[in-house]
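# Coordinates in review
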Amino acid sequence: MSEQIIQALINGLVSGSIYALMAVGFTLVFGIMHVINLAHGELYMLGGFSTFFMVSIYQINFFVALIATLIIIGVFGFFIEKIIFKPLRNASLLNTLLASIGLSLFISNLVLKLAGSDMRNIEFPFSGQSISILGTSVSVHRIVVLLLTAFLVCLLGWVIKYTKVGKALRATAQDTDAAALMGVNINLIYGIIFAISAGLAAVAGGLIGSLYVVDPSMGMMPGMKAFIIVILGGMGSVVGALLGALIFGYAETFTTLFLESSYQELVGFIILILVLLFKPSGLFGGVNTK
Amino acid sequence: MTKNLNAKKLSLIALCAIILLVIPILLGDYHVHVINQIGIFIILVTSLNLILGYTGQLSFAHIGLFAIGAYTSSILMMTYNVPFLLSLLLSMVASAFFGLLVGLIALRFTTHFFAIVTLAFGEIIRLIIYNMPDLTGGPNGIYNIPFPPNVFGLDFSQRSHFYYIILIGAVATVLFVKYMIGTRTGKAMIAVRENETFAQFIGINTWKVKMISFTLSAALAGFAGSIYAHYNSYISPYSFTMMESVTLLLMVIIGGVGTIFGPILGAAFLITLPELLRDVNEWRLVIFGALLVLTIMFMPKGLLGLFKSIQEKVKSSKKPVSNIDSGLGEEERKSVGS
Amino acid sequence: MLEVKNVCRNFKGLQALSDVSFTVEEGTIFGVIGPNGAGKSTLFNCITNYFPPSSGNVYFEGKEITGIKPHKITELGITRTFQHTQVFPQLTVYDNVVTGQYVIKQKDPGRTKTQFDEDVERILKLVGLDSYRETIASNLSMGDQTRLAIGIALATEAKLLLLDEPAAGMNPEETKQLMNLLRNVREQGVTIVLIEHDMKAVMGICERIVVLEYGQKIAEGTPEEIRQNPQVIKAYLGSGDIA
């Protein structure tokens, strides 16, 4: 039993870290651009496919493929912002939300038509290997996933805090008009934010694809969950999104441990409703933008 | 002049009525079937339009309330042998009841928070149906739901006969919604859509108005659900997914949100499109996704709005068309409900 | 009729209103003036509970109304307009007025449709918009929209109207018409509290005036007294806003 709980603790951490990659991007896009992008999950799905094709068909090293995916889907995200969200910048929040759902429907069904509904697994270099921690065997695979996500989140933190782009980002988040006056190229910044968000989601998709499977419908729920996590952590708050992701990962993992797995999907929605009812500003009181 | 106009209008209505009445006699079974589907969706999207178009609340829970109507009616009729009209009525009551419950929680929130909470409820309803196999058949759904065998002594066991039930239902729903928005409460709904804060300050109990709108639209969704179940004779949780929910929204939006005729047009368009282009059917959801994006980007007032603005341009462009959004709530005060 | 007692309001340490008190007598037109940012709109917001006062109380006809829901306040008989005139842009002029009657339906369910319709007609005539009844509100000029907003407020059968800078953006002729309209409204037994920038207009129409500066009441009295009050003169000179 305790073995099972330790495994669950690790699994929760792993799924929490994947959610963190999703939620951080989601919250950046919302906090700075005031866009609720429900197509976020499809970028994650595309990341899964991109990694799969590179690894399984072109025999590219997994980690190289992951970096390439980050860049490819990042650029894709940049253009999505330019083509769809830029023209909608003055539209109401709900209209952009609807457009993003349309985009989600479009991408997921297009991939379904082109690639079929088969489930595919991405080969992972160290699959099957495990090491022993505190008497419990833990797969190397999961540890690598954890380290990679931790590295990416730290890298993002470093970019936001110390680089020129990061400063421009923060200035835009605080006051778009003032940032524009100070010479920040808002259009470029918005594109970059979207690219970062898309790239991180894509890496999450690649990692999940190596742990489980890649299929065209894999993005729907995680995209929704990213939104729920962001509400849980407080809209627009990066730290909130990280903590929210961990809580969410654990909530789901422990539900599957004690209840039937078909209830797992319900957990997120119930958390969402409870948080909104009792602490609408989120658990970690996000910067309530607007 | 007005008398003339009325006579013209009346004869037009009479003409439409005659055409609608003779459709099943003139057309073959397949065409009647397509028209029946359109009719059912007209009921559904017209009811969605009440909360979305006229009250300005983006609800994703509608598909769930539709499902409740469908399941209630099927279970009542098949397991408990309740006659059709009574199970139709009870499915409306059931949907209204659950609509009331969902509304009690969801309508504490506004804009995107309302949207995501209703989305959650839509999925919760579907997942509960999925997880209650004893009552609902779980993932397998319910098969062989009967056509209503006998209503007021009339036989409805054929598609072309069922047509008249759908016709009456659709006409009644459209007329009801039209009547509703003409009432003072209906005007208050539009006021909520236009500017919720201002509405509060002229004495409109906006929460109550939204509850009324949401519950009524839920009842009508249950009505549509019951007819859908009996007509298609098969329902399962997969008939009520989020994708279907988005399709409903697209029907309202592409036709023209907040107009009586828009959703009718939208439903007819989106159901006929894949039927007309057989090869396209498989690409249905891809096309719908693209259509939703394009509609929001280029014609937020839908096809009707497009026709109107073309008409106005043809009429030697008197005034530039004012730049109004699709009428969905722009309001974001306090971001969460009061 | 309306009593504001020691009302304070803070925004993140900023004192937008501090200890403001005054009483409005029934049947009067009461002015609230002051330089920009003096807390005039904040005062209205506290009275009608757009947000509640940080401390202090508001009484209407002897009953406390502090912190009551906005639509309840309207039910009791207070209706306000907003600084940037607000109407329902996609409804017709006629339907805009109808929305104001929602509250009557709650208070007096027995009223017949003919009565309601007659009321709308009467109000449209009073505010001078009876020839625009089918016009979509967003197509009206700013001045007409302001009058429509007053029409909506009248439809709620308010005993007390709070008008937030109704003359903003109007030319002198329109302002004069508006002031005549307000006099007519008062003739019908409606008490009016008027926030105004245009000193001349206020002086001509109000029986009593309160002057706010930096969230504090610096003077109260008849227009004559206000005109001669040295503090008021200083406040307005200081802000370059002299009438």
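In short, a report on the structure. Fair warning: this is a prediction, and the values are worked out from it, not measured in the lab.

## Describing the overall build of chain C
Along the backbone of chain C there are 10 helices and 10 strands. Looking at chain C as a whole, 54% of its 243 residues are labelled buried. Considering only contacts in chain C between residues 6 or more positions apart, those separated by 24 or more positions represent 65%. Here chain C has roughly 10,400 Å² of accessible surface; of this, 49% comes from carbon and sulfur atoms. Across chain C, 25 positive and 30 negative side-chain charges occur, with their mean positions spaced 3 Å apart.

## A word on the overall build of chain A
In terms of regular secondary structure, chain A is built from 11 helices and 2 strands. Starting at the N terminus and walking to the C terminus, you meet the elements of chain A as α-α-α-α-β-β-α-α-α-α-α-α-α. Taking 290 residues into account, the globule formula puts the C-alpha radius of gyration at 19 Å, and chain A, at 19 Å, falls close to it. Reported as C-alpha extents along the three principal axes, the dimensions of chain A are approximately 60 × 50 × 40 Å. Counting only residues that meet the buried cut, chain A has 56% of its 290 residues in that class.

## Concerning helix H2 (residues 29–54) of chain B
All names here are of chain B. In this model H2 runs 36 Å from its N-terminal to its C-terminal C-alpha over 26 residues, within 8% of the 38 Å that 1.5 Å per residue would give. Of all bends in H2, the biggest is about 35°, found at Leu48. Burial analysis of H2 places 21 of its 26 residues in the buried class, the great majority of the element. Immediately beyond the C-terminal end of H2, within one or two residues, lies Gly56, with a positive phi of roughly 75°.

## A look at the nonpolar core
Ranked by internal contacts, the top residues of the largest apolar core, which has 184 residues, are Ile193 of chain A together with Leu58, Ile227, Ile235 and Phe240 of chain B. When residues of this core are assigned to their parent elements, the largest contribution, 15 residues, is made by helix H1 (residues 2–33) of chain A. Setting aside residues up to four positions removed in sequence, Leu58 of chain B forms contacts with Leu94, Leu97 and Leu98 of chain A together with Leu52, Phe114, Ala115, Thr118 and Leu249 of chain B. Core analysis: the second largest hydrophobic core is formed by 69 residues, Phe198 and Leu220 of chain B together with Ile29 and Val98 of chain C among them.

## Some remarks on the interface of chain A and chain B
Where the parts come together, the accessible area they lose is often given as the size of the interface. On the chain B side, the residues contacting the 44 residues of chain A number 42 residues. Buried area between chain A and chain B, both sides added, is near 3,900 Å², and the carbon and sulfur share of it is 81%. Considering only the side of chain A, the residues that lose the most area to chain B are Leu94, Leu98 and Leu105 of chain A, jointly responsible for 16% of the buried surface there. Taken together, the connections running from chain A to chain B amount to 1 salt bridge. Residues Lys113 of chain A and Glu282 of chain B are paired through a salt bridge, measuring 2.8 Å at the closest nitrogen-oxygen approach. Taken together, chain A and chain B are joined by 1 residue pair in polar contact (both at pLDDT 80 or more). Taken together, the elements giving at least two residues each to the side of chain A that touches chain B come down to helix H3 (62–85), helix H4 (93–115), helix H9 (220–233) and helix H11 (264–278) of chain A. Element by element, the count of residues in the side of chain A that touches chain B is highest for H4 of chain A, at 16 residues.

## Some words on the arrangement of the chains
With 2 pairs of chains in contact overall, the contact-richest pair is chains A and B. Considering only C-alpha positions, the minimal separation of the non-contacting chain A and chain C is 15 Å.

## Brief notes about helix H6 (residues 142–155) of chain C
For H6 of chain C, spanning 14 residues, the distance from its first C-alpha to its last is 20 Å, which sits close to the expected 20 Å at 1.5 Å a residue. One or two residues past the end of H6 of chain C sits Glu157 of chain C, with phi positive at roughly 55°.

About the criteria used
Residues numbered from 1 in each chain as written. Chains lettered and ligands numbered in written order. Predicted model: local features only at pLDDT ≥ 70, side-chain atom pairs only at ≥ 80, totals over all residues. Heavy atoms only, no water. Helix = DSSP H or I, 4+ residues; strand = E, 2+ residues; numbered from the N terminus. Buried < 20%, exposed > 50% of the residue type's maximum accessible area, 1.4 Å probe, protein only. Contact = heavy atoms within 4.5 Å. Areas by Shrake-Rupley, 256 points an atom, 1.4 Å probe, with all protein chains shown as cover. Lys, Arg positive; Asp, Glu negative; His and termini not counted. Charge placed at Lys NZ, Arg CZ, Asp CG, Glu CD. Rg over C-alpha atoms; globule rule 2.2 N^0.38 Å. Expected span 1.5 Å × (residues − 1). Bend = angle between axes of the 7 residues up to and from the residue. Core = buried A, V, L, I, M, F, W, Y, C linked by side-chain atoms within 4.5 Å. Buried area = accessible area lost by both parts, 1.4 Å probe. Salt bridge = Lys/Arg side-chain N within 4 Å of Asp/Glu carboxyl O. Polar contact = N/O pair within 3.5 Å; in protein donor to acceptor, adjacent residues only side chain to side chain.

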